[in-house]
Amino acid sequence: MVGPSFDPTPGDAPSGTTSAADGAESASGSSGQSGSPGPRSITPTTVKDLRDAVTTGTVLIRGTGTATTWGAPVRDPRTTVSLTGMDRVLDHRPADMTVYVQGGIRLDVLQAELATRGQWLPYDPARSEATIGGLLATGDAGPRRLGYGSLRELVIGATMVFPDGAIAKSGGHVIKNVAGYDLAKLCHGSLGTLGVVAELVLRVHPLPQTSRTVMVRDVNTEAAQRLAWALTRSATEPTAIEWCEPEQVLAVRFDGTSDGAAARAAAARTLLSGSLAELDHDESESFWFSHAARVIAEPGDTVLRAATRPGVDPGLVRALAAWAEHSGVKAMLTCSPATGGYTVRVTGGDAKAHAELVKNWRASVEAVGGFVMLRRRRPGVDAMVESWGRAPGGVEVMRRVKGNFDPENRFAPGRFAPWF
Amino acid sequence: MDRDSALTAVLTDATAACGPTLRVLSGAAERRAYDTDALTAHRVQPGLVLLPASREQVAPIVRACLRHGVPYVARGAGTGLSGGALPAESGVVIALARLNRILEVDPDRRIAIVEPGVTNAAISAAAAEHDLYYAPDPSSQIVCTIGGNVAENSGGAHCLKYGFTSHHVLAVETVLPDGSVAVLGSDDIEAPCYDAPGYDLRGVFVGAEGTCGVATRIAVRLLRTPEVVRTLVADFPDVAAACDTVSAVIAAGIVPAAIEMMDNLAIRACEDAVHAGYDRQAAASLIIELDGPGQECAELFEQVSGLCSAHGCTRLRIAADAAERAAIWAGRKAAFAAMGRLSPEFLLQDGVVPRTRLTEALGGIARLSAAAGLRVANVFHAGDGNLHPLVLYRAADGEQPAAERLAADIAELCVALGGSLSGEHGIGVDKACSMPKMFSAADLTAMDRLRAAFDPSGLCNPGKVFPTPALCGEARAGAYQPHPLEETGKIQRW
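What counts and how
Residues numbered from 1 in each chain as written. Chains lettered and ligands numbered in written order. Predicted model: local features only at pLDDT ≥ 70, side-chain atom pairs only at ≥ 80, totals over all residues. Helix = DSSP H or I, 4+ residues; strand = E, 2+ residues; numbered from the N terminus. Rg over C-alpha atoms; globule rule 2.2 N^0.38 Å. Buried ≥ 20, exposed ≤ 12 C-beta atoms within 10 Å, placed from the backbone. Contact = placed C-beta atoms within 7 Å. Domains from an automatic or database assignment. Nonpolar A, V, L, I, M, F, W, Y, C, P; charged D, E, K, R; others polar. Pairing = 2+ DSSP bridges. pLDDT = per-residue confidence, 0-100. Axes fitted to C-alpha atoms, helices over the stretch in contact; angles between N-to-C directions. Core = buried A, V, L, I, M, F, W, Y, C linked by C-beta atoms within 7 Å.

1. Thoughts on the overall build of chain B
Consideration 1: Secondary structure assignment for chain B yields 19 helices and 18 strands.
Consideration 2: The C-alpha atoms of chain B give a radius of gyration of 23 Å, which matches the 23 Å a tight globule of 494 residues would have.
Consideration 3: Considered along the principal axes of its C-alpha atoms, chain B spans approximately 70 × 55 × 50 Å.
Consideration 4: Here chain B, with 494 residues, has 60% of them falling under the buried criterion.
Consideration 5: Across chain B, the fraction of contacts at a sequence separation of at least 24, relative to all contacts at a separation of at least 6, is 71%.

2. Topic: the overall build of chain A
Consideration 1: Looking only at helices and strands, one finds 12 helices and 18 strands in chain A.
Consideration 2: In summary, chain A has a C-alpha radius of gyration of 21 Å against a globular reference of 22 Å for 420 residues, a match within 12%.
Consideration 3: For chain A, the proportion of its 420 residues judged to be buried stands at 60%.
Consideration 4: Taking all contacts inside chain A whose residues are at least 6 apart in sequence as the whole, residues at least 24 apart take part in 72%.

3. A word on the environment of Q225 of chain A
Residues and elements named next belong to chain A.
Consideration 1: By secondary structure assignment, the location of Q225 is in helix 7 (residues 221-233).
Consideration 2: Along the chain, Q225 and G311 lie 86 residues apart, while their C-alpha atoms are 6.4 Å from each other.
Consideration 3: The contact partners of Q225, leaving out residues within four places of it in the chain, are G311, V312 and P337.

4. Quick look at the domain arrangement of chain A
Residue and element names in this part refer to chain A.
Consideration 1: What the domain assignment lists for chain A is domain 1 (20-84), domain 2 (210-293) and domain 3 (300-383).
Consideration 2: Facing 4 residues of domain 1, the contacting portion of domain 3 comprises 4 residues.
Consideration 3: For the side of domain 1 that touches domain 3, the class distribution of residues is 2 nonpolar, 2 polar and no charged.

5. Remarks on the pairing of strand 3 (residues 72-75) of chain B
All names here are of chain B.
Consideration 1: Burial of strand 3 is two-sided: the residues Y72 and A74 facing one way and the residues V73 and R75 facing the other way are all buried.
Consideration 2: Summarising the sheet, strand 3 and strand 4 (residues 92-95) pair through 4 bridges and their orientation is parallel. Bridged to Y72 within strand 4 is V92.

6. Overview of the domain arrangement of chain B
Residues and elements named next belong to chain B.
Consideration 1: What the domain assignment lists for chain B is domain 1 (3-95), domain 2 (102-224), domain 3 (228-339) and domain 4 (343-450).
Consideration 2: Its C-alpha centre places domain 2 at a distance of 29 Å from the equivalent point of domain 3.
Consideration 3: Counting residues at the interface gives 5 residues for domain 2, matched by 8 residues for domain 3.
Consideration 4: When grouped by side-chain class, the residues that make up the side of domain 2 that touches domain 3 number 2 nonpolar, 2 polar and 1 charged.

7. Description of the interface of chain B and chain A
Consideration 1: Of the residues lining the interface, 82 residues belong to chain B; the matching set on chain A comes to 83 residues.
Consideration 2: Taken together, the elements giving at least two residues each to the side of chain B that touches chain A come down to strand 9 (181-184), helix 8 (201-205), helix 9 (239-251), helix 11 (294-310), helix 16 (435-438) and helix 17 (441-454) of chain B.
Consideration 3: Take the side of chain B that touches chain A: its biggest share by element is 10 residues, from helix 17 of chain B.

8. Structural notes on the confidence of the model for chain A
Consideration 1: Mean pLDDT over chain A works out to 92, with 91% of the residues at or above the 70 mark.
Consideration 2: This model gives residues 7-35 of chain A a pLDDT under 50, and the stretch forms 48 contacts once residues within four places in sequence are excluded.

9. Describing the pairing of strand 5 (residues 98-102) of chain A
Residues and elements named next belong to chain A.
Consideration 1: Counting buried positions over the 5 residues of strand 5 gives 5, a clear majority of the element.
Consideration 2: The two faces of strand 5 match: T98, Y100 and Q102 on one face and V99 and V101 on the other face are all buried.
Consideration 3: Where strand 4 (residues 89-93) and strand 5 come together, 4 bridges link them in antiparallel fashion. Bridge pairing links D91 to Y100 in strand 5.
Consideration 4: Remark: 4 residues form the turn of the hairpin made by strand 4 and strand 5, two consecutive strands paired antiparallel; M97 in that turn has positive phi of roughly 60°.
Consideration 5: Of the strand pairs in this sheet, strand 5 and strand 9 (residues 196-203) are connected by 5 bridges, and their pairing is antiparallel. Each residue of the ladder has a partner; that of V101, found in strand 9, is L200.

10. Topic: the sheet that holds strand 9 of chain A
Residue and element names in this part refer to chain A.
Consideration 1: Sheet architecture is open: 5 strands sit in the order 4-5-9-7-8, paired in antiparallel fashion. The sheet is open, and its two edges are formed by strand 4 and strand 8 (167-171), each paired on a single side. For this sheet, the mean inter-axis angle between neighbouring strands, taken without regard to orientation, is 10°.

11. A look at the sheet that holds strand 10 (residues 214-221) of chain B
Residue and element names in this part refer to chain B.
Consideration 1: With antiparallel pairing, 5 strands are arranged side by side in an open sheet as 5-6-10-8-9. Each edge of the sheet is formed by a strand with only one pairing partner; in this case those strands are strand 5 (102-106) and strand 9. Mean inter-strand twist for the sheet, computed between neighbouring axes without regard to direction, equals 10°.
Consideration 2: In this structure, strand 5 lies alongside strand 6 (residues 111-114), joined through 4 bridges in antiparallel fashion. Of the residues in strand 6, the one forming a bridge with V105 is A112.
Consideration 3: Against the sheet, helix 4 (residues 120-127) contacts strand 5, strand 6 and strand 10, and its axis sits at roughly 45° relative to strand 5.

12. With respect to the nonpolar core
Consideration 1: Of all hydrophobic cores here, the largest spans 300 residues; its most connected members are L183 of chain A together with I94, V220, V391 and C414 of chain B.
Consideration 2: Of all the elements, helix 15 (residues 400-416) of chain B adds the most residues to this core, at 8 residues.
Consideration 3: Residues in contact with C414 of chain B, not counting those within four places in the same chain, are G351, V352, V353, A361, L387, G419, S420 and L421 of chain B.

13. What about the environment of R375 of chain B?
Residues and elements named next belong to chain B.
Consideration 1: Among the secondary structure elements, R375 is positioned in the loop between helix 14 (358-372) and strand 17 (376-381).
Consideration 2: For R375, a count of 15 C-beta atoms within 10 Å corresponds to the partly exposed category.
Consideration 3: Each C-alpha atom, one on R375 and one on L342, is 9.6 Å from the other, the two residues being 33 residues apart in sequence.
Consideration 4: Leave out the neighbours within four places in its chain, and R375 touches L265, S369 and L392.

Have a look at this one:
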């Protein structure tokens, strides 16, 4: 059998905190020169200090710095506020299946803490070392989005610090709650432009006894679509379905009890056809690790994220290959057929070639009602193509939201250019 | 312009834009039918009721209201329990009952696109031929509409495992309060995305209680019908034993599809009304349902049955077939209607407590009930700590003020125990005055700022969610103020 991992990145292990822009880790403690116009870095440890840090000047909020390149570049922030000093679990209540944390806790650290009580946050973005607040602000999600939802479904309470210094909460500690507006939803995908997520309450789940991965090889676009639909229409309840190109592998994950997951994986194997394999534990870990590495990519790469309606659109996959060939670059993608989304990593070629690919493929995606944003780009690309393409509905409301919460446009100015 | 002239102007503009298919109810008797929702203690006569014949007619109506400064509220089936669809005084009701078409069911993508007046149950019925269903199942699902579910972020018995309306709505086409039309969560309602870029406005809209615009088309996510469903009813000698069983099930790492609890008063009312086979003598009963793939469901169901027995269950009834399961649920879902047998009037509360504080909460409710001299029946979603205490009273005996006070005290007790005022019914006008018990002035200001971004003119379902002097009088005593230690992270409010 051929090993399950595809080559994530020529010769390199994946790493999350990579881009040049991510490089300068902010110093701990408050830096000097407060009141001077020069840039400063602050790492507060309390909500109050956090509030004091953000009430004047332009502000860039960062966690572990794994997504500072997402969206359009922020223009000259005066204050960089690092949340890494607010990295504690405040209250884990295993019997209530909730955990209350500071926004700067890393996801992997949180998972390790939860695991000691047989629990987890069923959420597997590629950037496992990112902070939970940063993951909410980036609206990121991993393959298990299919089975468990995204962070927006798992956050049940939040404390936010807004640009005017207000410390406001919404939600609470209970998993069912409709009192008041859900401000955490507002922060989902806000990329630090509205406020800082200082604290979160999350709904946790019992750790599944086991996880199994079934892989099918030589799956072309049409087959990927067909097999994905066969799976979602079956009662096998996969928690992740991912298709990768150019490797043409379809990977399907089942979480559950030992016997239950085995039975579902077996049922899936009879549904699927072609070159099938069920991965052992190490192979499975290795595959999902390399999958994450592709999503994260490396400095100098361009990474596009497309949101579309569910499905593997053969037209889009063909268009990507054709535009990549046209521009002389290499494009590798992962697609989540059941929830609709593509992450494309572009390597090789110069900035002009990357920008050309972004423009061309974005047009293809937008023609079928989708959206393409840039998560990373080759230096020079920004001068040639916007980080955001077509805006979703309600962008006028987004502008007003931004204006109401941050009238001086101090938080991450420019992040959503050209939308606002 | 006075309100009467403004209403006349709205009517003129709306009929000019919509033509003769727009149904207009302007007579006093016709309008009276819309003066309340299922929270009948509150009644306000609307000035005009408009029933658009198509979704295209909604935007011109909203624009007409905007132009003439008239408040409006959208209305579905009127089953809401917090007064969310209560009209503004001499305002406009936009009744969406005629927008009741299921536009598309896509079995591969597992998405249905529907109009807001479609009933919750109709979506599942339309999807059933593909072995799909729409998961949220509020008790009123036979009649309540998806538009109302979106406004209230409705839950139901099965949201312990499957989540709320918010988890199942991918995109909403709305007429925004500025009169424009936007698809939130996508740009094209026929191409809904799971994760559209930008602020999650769809997430804000769902559960905003109709204050952020009027939904005209909704794209919902469908789920595969579970391979197996197993349901049991377990009777217990007291409420505490039932609560302990719930904790034990959760501690075992099991997430049932539903765990419902009824106390003796509720059991008797339901049994008398529906004859679901409940034991009228039981002090407390749990309905526990597991669903999913066959192998796992069987394993876990075995475990749950064992845990019930281990915690002193006096009778374990396992549904033998779909018909028996349906009967068990019919009893539970009839609970509120059945209360008519116990009392001419009742108020229903909807507070939530952390599940581990259920016993404490029930004890507190019993004390408040005794002190008020009013009976309280309890039917609730035990798995997620969502209580539904029913305060029974006789208006004819002048008990209504005491009942209202007791209901508010119960909701606020839930907040004091670290919970919430509302699990699924919404705040509406019912609990708006209790909001300062749960949220600080800063919290409410931030929420209001968000509301204003959607509705700068403040005409879209005003007077809901937020406490206003008109509704609540002067600032209520005891409003939450953050403690300085809380701001420094040394103590917690929740």
